Amino acid sequence: MIASHAILLGVNIDHVATLRQARGTRYPDPIQAAIEAEQAGADGITLHLREDRRHIQERDVALLRDILLSKMNLEMAVTGEMLAIAEQYRPEDCCLVPERREELTTEGGLDVAGQLGRITEACVRLKEAGTRVSLFIDADPRQVEAAAQARAPVVEIHTGHFADARDEQRRRKEFQRIVEAVKKGREAGLQVNAGHGLNYQNVAAIAALPDIVELNIGHAIMARALFTGMQSAVGEMKRLMREARG
Ligand SMILES: CC(=O)[C@@H](O)[C@H](O)COP(=O)(O)O
Ligand SMILES: NCC(=O)COP(=O)(O)O
């Protein structure tokens, strides 16, 4: 069997900041989490600067910009404020996500097809700032096609519906949707990433898909790290992904 290319892990550190913001203290510091995650093998650090600043703060973005040895994947809404911040800090990657203040976490993918002009403008603006744009989209071929039309080089397929599926039939259906979306993305010449809700139990099925380049995983790794430490939590996720890829 020809081994497919290695799959990369972007570690999302949002929820270290959630714990910090819970009391407004200076600890735990997501900066330390990022450094430890990189030392444990993270191929990149993902952070979501939300409009409501519920966890990651702009200070975190600024410090990590100077500290990271791997790459920064800055997740953000498609707003003038966030585009200006991305132009200021120039992360290697910028993942455009939908955002609603009342949401508990990201609920769905970005509707690229329904706002193609606006998303295309954002992609052009970020490319001019030297940032590689990724669009966080549902496993929907129509959204994949729209992402290609918007000239985004990367898409990140939302795996939350697969992760949240409560029965095997639903999980298989959501998984098949992801398979189709990944195939569509490759056919469109896009880099295809995936993320949201992935954990130590469900990651292998997604990591085994040979055309996926990168997984962005945060909540499950941070939860595990609370008990086993970051080195072990990131290392175990990398091992599961490597084994799944073969
Ligand atoms: C886009 C995505 O799936 C997540 O990275 C998102 O950032 C989750 O938002 P919270 O980190 O606020 O749960
Ligand atoms: N884009 C997905 C991400 O960065 C992490 O999502 P989660 O693992 O915290 O659900």
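Residues numbered from 1 in each chain as written. Chains lettered and ligands numbered in written order. Predicted model: local features only at pLDDT ≥ 70, side-chain atom pairs only at ≥ 80, totals over all residues. Heavy atoms only, no water.

Let us look at the environment of Gln169. Note that Gln169 resides in helix α8 (residues 168–187). Along the backbone, Gln169 and Ile67 are 102 residues apart, and their C-alpha atoms lie at a distance of 44 Å. (Helix = DSSP H or I, 4+ residues; strand = E, 2+ residues; numbered from the N terminus.)

What follows is about helix α11 (residues 230–245). The terminal C-alpha atoms of α11, which comprises 16 residues, lie 22 Å apart, in line with the 22 Å expected from a rise of 1.5 Å per residue. All of the buried residues along α11 are Met230, Ala233, Val234, Met237, Lys238, Leu240, Met241 and Arg245. Angular distribution of buried residues about the axis of α11 spans 160°; they occupy a single face of the element. For α11, the exposed residues lying more than 90 degrees away from the buried face are Gln231, Arg242 and Glu243. Buried-residue contacts for α11 involve β1 (8–12), α2 (30–39), α9 (203–207), β8 (212–217) and α10 (219–228). Following α11 by one or two positions, Gly246 has its phi on the positive side, about 85°. (Expected span 1.5 Å × (residues − 1). Buried < 20%, exposed > 50% of the residue type's maximum accessible area, 1.4 Å probe, protein only. Arc of directions from axis to C-beta. Contact = heavy atoms within 4.5 Å.)

Once that is clear, we can look at the UniProt feature "site: Transition state stabilizer" (unreviewed entry) in the protein. Under the present numbering, the feature "site: Transition state stabilizer" (unreviewed entry) in UniProt falls on Glu156. Looking at where Glu156 falls in the secondary structure, it is placed in strand β6 (residues 154–158). Those residues in contact with Glu156 that lie beyond four places of it in its chain are Asn73, Cys95, Ser134, Leu135, Phe136, Ile137, Asn193, Ala194, Gly195 and Asn216. (UniProt positions renumbered as here; feature names shortened; annotations may be inferred.)

Of all hydrophobic cores here, the largest spans 73 residues; its most connected members are Val11, Ile13, Leu96, Leu135, Ile157, Leu215 and Ile221. In terms of residue count, α11 provides more of this core than any other element does, 6 residues in total. Beyond its immediate chain neighbours, meaning those up to four positions away, Leu135 contacts Leu96, Leu110, Val112, Ile119, Cys123, Ala147, Ala150, Ala152, Val154, Val155 and Glu156. (Core = buried A, V, L, I, M, F, W, Y, C linked by side-chain atoms within 4.5 Å.)

Next up on the list: the confidence of the model for the protein. In the predicted model, the protein carries a mean pLDDT of 96, and 98% of its residues have values of at least 70. For this predicted complex, the interface score ipTM comes out at 0.94, while the overall pTM is 0.97. (pLDDT = per-residue confidence, 0-100.)

Lining the immediate surroundings of ligand 2 are Asn12, Thr46, Glu75, Phe136, Glu156, Gly195, His196, Gly197, Asn216, Ile217, Gly218 and His219. Note that an oxygen atom of ligand 2 is positioned 2.9 Å from one of the backbone N or O atoms of His219. Protein contact buries 92% of the 300 Å² of open area that ligand 2 shows by itself. Spatially, ligand 2 is embedded in the largest pocket. Partitioning the shell around ligand 2 into residue classes produces 2 nonpolar, 8 polar and 2 charged. (Near = heavy atom within 4 Å. Polar contact = N/O pair within 3.5 Å; in protein donor to acceptor, adjacent residues only side chain to side chain. Areas by Shrake-Rupley, 256 points an atom, 1.4 Å probe, with all protein chains shown as cover. 1 Å grid on protein atoms, 1.4 Å probe; cavity = no way out; pocket = protein on both sides within 12 Å on 5 of 7 lines; lining within 4 Å. Sits in = over half its atoms within 2 Å of the grid points. Nonpolar A, V, L, I, M, F, W, Y, C, P; charged D, E, K, R; others polar.)

A large share of β6 lies buried, amounting to 5 of its 5 residues. The two faces of β6 match: Val154, Glu156 and His158 on one face and Val155 and Ile157 on the other face are all buried. Two elements, strand β5 (residues 132–137) and β6, share 4 bridges in a ladder whose sense is parallel. From the neighbouring strand, Ile137 faces β6, where its bridge partner is Ile157. Following the chain from β5 across helix α6 (residues 141–149) to the adjacent parallel β6, one finds a crossover that is right-handed. As judged from the 5 bridges shared by β6 and strand β7 (residues 191–195), these two strands associate in the parallel manner. Across the sheet, Val155 pairs through a bridge with Val192, a residue of β7. (Pairing = 2+ DSSP bridges. Right-handed = clockwise from strand over helix to strand, strands pointing away.)

We now examine the packing of α10 against α11. At their nearest, the axes of α10 and α11 sit 7 Å apart, and the two run at 135° to each other. Compared by their axis directions, α10 and α11 come out oblique. When the axes of α10 and α11 are compared, the crossing they make is right-handed. Seen from α10, the contacting residues are Ile221, Met222, Arg224, Ala225 and Thr228; seen from α11, they are Met230, Ser232, Ala233, Val234, Glu236 and Met237. Across the contact of α10 with α11, the residue classes tally to 7 nonpolar, 2 polar and 2 charged. (Axes fitted to C-alpha atoms, helices over the stretch in contact; angles between N-to-C directions. Parallel < 35°, antiparallel > 145°, perpendicular 65-115°, else oblique. Left-handed = near helix turned anticlockwise from the far one by under 90°.)

So, on to the side chain of Lys238. Mapped onto the fold, Lys238 is located in helix α11. Sequence-distant contacts of Lys238, defined by excluding residues within four places in its chain, comprise Leu9, Gly41 and Asp43.

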